[in-house]
Amino acid sequence: MVFILAATGATVGLGNIWKFPYLAGEYGGGAFVLVYLLCIAFIGFPLMVAEVAVGRRGRLSPINTLRSLSEIEGGSPRWVWAGGLGVLAGLLIGSFYSVIAGWALAYMFRAASGAFEHVTAQGIASIFNNLITDPERLLAWHTIFMVMTVAVLARGIRSGLERAVKLLVPGLLVMLLVLIGYGASTGYLGQTLFFLFRPDFSSLSFAAVLEALGHAFFTLSLGMGAIMIYGSYLPRQVPIMRTSLLVVLLDTLVALLAGLAIFSIAFAHELPVNSGPGLIFQTLPMAFGKMQAGGVFGGIFFLLLVFAAWTSAIALLEPAVAWLVESLNLQRVRAAVLTGFVAWLLGIVSLLSFSQWAFSFEFAGMQKQHGLFDLFSILASGVLLPLGGLSVVLFTAWVMHRESVLDALGGADGPGFRLWYFLVRYVAPVALVVVFLWVLGVM
Ligand code: PFF
């Protein structure tokens, strides 16, 4: 139970409610969503099982787990680089994650104070623009969020937080249903279903495939060792497949519900769906401004979002902290402060990407407006996480012996295991390599 709560806390976050809708909107809906779901099923889920199994077998921080298992299985010591990659990815994602969580913090107060009541779409757009082009305010929220994250990392005890996840997920589901109810009342749910679930493959660009793949990793917190750490605390008798399946299904459910809510609101109020990272901050306030007791609902919604982001941010920085503690013998408090400081500093780059340092660039035919923020995001989800994931998949299926893997999973050699083994041994690596070759222009 604690594992499910911790893993759900790590997976359900801004990725589901903020990033999935904005990517789906940017890339035209259905086809993007389909590729994302395929990546979840055929790469994400098998990889999650592999990460948990490797973590449980190694029982150390990801870097040291890979080192020790590799030694036992007769693999190369170079596998530790996969763990190092994860630490880097965590720092990079953690840096901009905290900036966006800061937006959510700001919106929590705004919604609760009734700032969205009877405001027009233009008014809401200007509230958003005023926020993101004010670096000082953003810095304050970013700092508050990072301090919250470091405070938990430094203590290293999260049982209270994990118990709170029990409230978080049902709370988020209820709030999303309220928003979908609002969307349905405007009569735009049908159009939203079409948008999200009727794939139009003519709109499926190369960039869309890469971002859908990267987002599958991002949303499931895979490819950087975070899930491996949670796996390292998992008792032996817990069935990994079923537990991971539950986590994956919950995560996907939250994302799809968020998509339904946000696009129905966008269609109802004729708001653009391709407005990028600002999408939820420009659509949701419209609904909260119009519904009964919208201030209360809005306040609760953004509070839950901040909470979801918090439990994810902890997981993002944990691999770095664990490594500093284990390998450099740093005290936990120092390791947490140092990690948080690096991520905070790096976050300032993202924060300025919405104002002073903004520049636009073309990414595989897509116009990206927010300079280094977009670049960090693509680099982390599109390159670092898939590379980390590929390493774990190869390590599990080709370095570890089949018996060790079977033993690590603690299950019987049944059809379920064989199907999963086939996915990690062939399907996932081939799919990942094909995408990489494509990125590099080889294919
Ligand atoms: N899965 C989180 C989200 O969807 O918001 C982001 C994340 C958390 C990625 C932890 C990676 C990680 F280790």
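Structure first, text after, so check above.
Notes on the structure follow.

Conventions used here
- Counting from 1, residues in each chain are numbered in the order their sequence is written.
- Local features in this predicted model are restricted to residues whose pLDDT is 70 or higher, and side-chain atom pairs enter the listing and the counts only when it is 80 or higher, whereas totals over whole chains, interfaces and linings include all residues.
- To get the side-chain values, all heavy atoms of the structure are used, and hydrogens and water are removed first.
- Numbering of helices and strands starts at the N terminus; helices are DSSP runs of H or I of at least 4 residues and strands are runs of E of at least 2.
- For a compact globule the rule gives 2.2 Å times the number of residues to the power 0.38, and the radius of gyration it is set against comes from C-alpha atoms.
- Only protein chains enter the accessibility calculation, which uses a 1.4 Å probe; a residue is then buried when its area is under 20% of its type maximum, exposed when over 50%, and partly exposed in between.
- Any two residues whose heavy atoms approach within 4.5 Å at even a single point are treated as in contact.
- Working definition of accessibility: Shrake-Rupley area with a 1.4 Å probe, residue cover restricted to the visible protein chains.
- Positive charges are assigned to Lys and Arg, negative charges to Asp and Glu, while His and the chain termini are left out of the count.
- Charged side chains are reduced to one point each, which is NZ for Lys, CZ for Arg, CG for Asp and CD for Glu.
- Residues belong to a common nonpolar core when they are buried Ala, Val, Leu, Ile, Met, Phe, Trp, Tyr or Cys residues joined through side-chain atoms within 4.5 Å.
- Planes of paired rings set the category: under 30 degrees apart is stacked, over 60 is edge-to-face and the rest tilted, where pairs are Phe, Tyr or Trp rings (Trp by its six-membered ring) whose centres lie within 6.5 Å.
- Two limits define a charge over a ring: the Lys NZ or Arg CZ must be within 6 Å of the ring centre, and within 35 degrees of the ring normal.
- The criterion for a residue being near a molecule or strand is simple. One of its heavy atoms has to lie within 4 Å of it.
- Pairing of N or O atoms within 3.5 Å defines a polar contact, subject to two protein rules: one partner must be a possible hydrogen donor and the other a possible acceptor, and residues neighboring in sequence count only if both atoms are side-chain atoms.

What about the overall build of the chain?
Right, so step 1: Of regular secondary structure, the chain possesses 18 helices and 2 strands.
Right, so step 2: For a compact globule of 443 residues, the expected C-alpha radius of gyration is about 22 Å, and the chain comes in at 21 Å, within 12% of that figure.
Right, so step 3: For the chain, the residues scored as buried account for 61% of the 443 residues in total.
Right, so step 4: Across the chain, the fraction of contacts at a sequence separation of at least 24, relative to all contacts at a separation of at least 6, is 81%.
Right, so step 5: A total of about 16,800 Å² of accessible surface is found on the chain, and carbon and sulfur atoms cover 68% of it.
Right, so step 6: For the chain, the distance from the average position of its 22 positive side-chain charges to the average position of its 19 negative side-chain charges is 8 Å.

Quick notes on the nonpolar core
Right, so step 1: Ranked by internal contacts, the top residues of the largest apolar core, which has 169 residues, are F32, W103, L179, F281, F301, F302 and W420.
Right, so step 2: Broken down by element, this core gets its largest block of residues, 17 residues, from helix α5 (residues 80-112).
Right, so step 3: Aside from chain neighbours lying at most four places away, what touches F302 is A104, Y107, M108, A111, F281 and F288.

A word on the packing of aromatic side chains
Aromatic rings considered in pairs are described by the distance between their centres and by the relative angle of their planes.
Right, so step 1: By the definition in use, this model includes 31 aromatic pairs.
Right, so step 2: Above the ring of F218, the side-chain terminus of K19 is found at 4.3 Å from the ring centroid.
Right, so step 3: In this structure, R425 is placed above the aromatic ring of W398, and the distance from its NZ or CZ to the ring centre is 3.7 Å.

A few points about the environment of V430
Right, so step 1: Note on placement: V430 falls in helix α18 (residues 415-439).
Right, so step 2: V430 sits in the exposed class, given a relative accessible area of 52%.
Right, so step 3: Once the C-alpha coordinates of V430 and V2 are considered, the two residues, 428 residues apart in sequence, prove to be 34 Å apart.

Notes on unusual backbone geometry
Right, so step 1: Although it is not a glycine, S221 sits at a positive phi angle of roughly 55°.
Right, so step 2: Tracing the backbone shows S221 in the loop between α10 (206-219) and α11 (226-231).

Topic: the site of the ligand
Right, so step 1: Around the ligand lies a shell of 15 residues, among which G15, Y97, F218, S221 and A226 are the nearest.
Right, so step 2: The side chain of S221 places a nitrogen or oxygen atom 3.0 Å from a nitrogen atom of the ligand.
Right, so step 3: In the complex, the protein chains occlude 100% of the 340 Å² of accessible area that the ligand would expose alone.
Right, so step 4: Those elements that provide at least two residues to the shell around the ligand are α1 (2-11), α2 (14-26), α10 and α14 (294-327).

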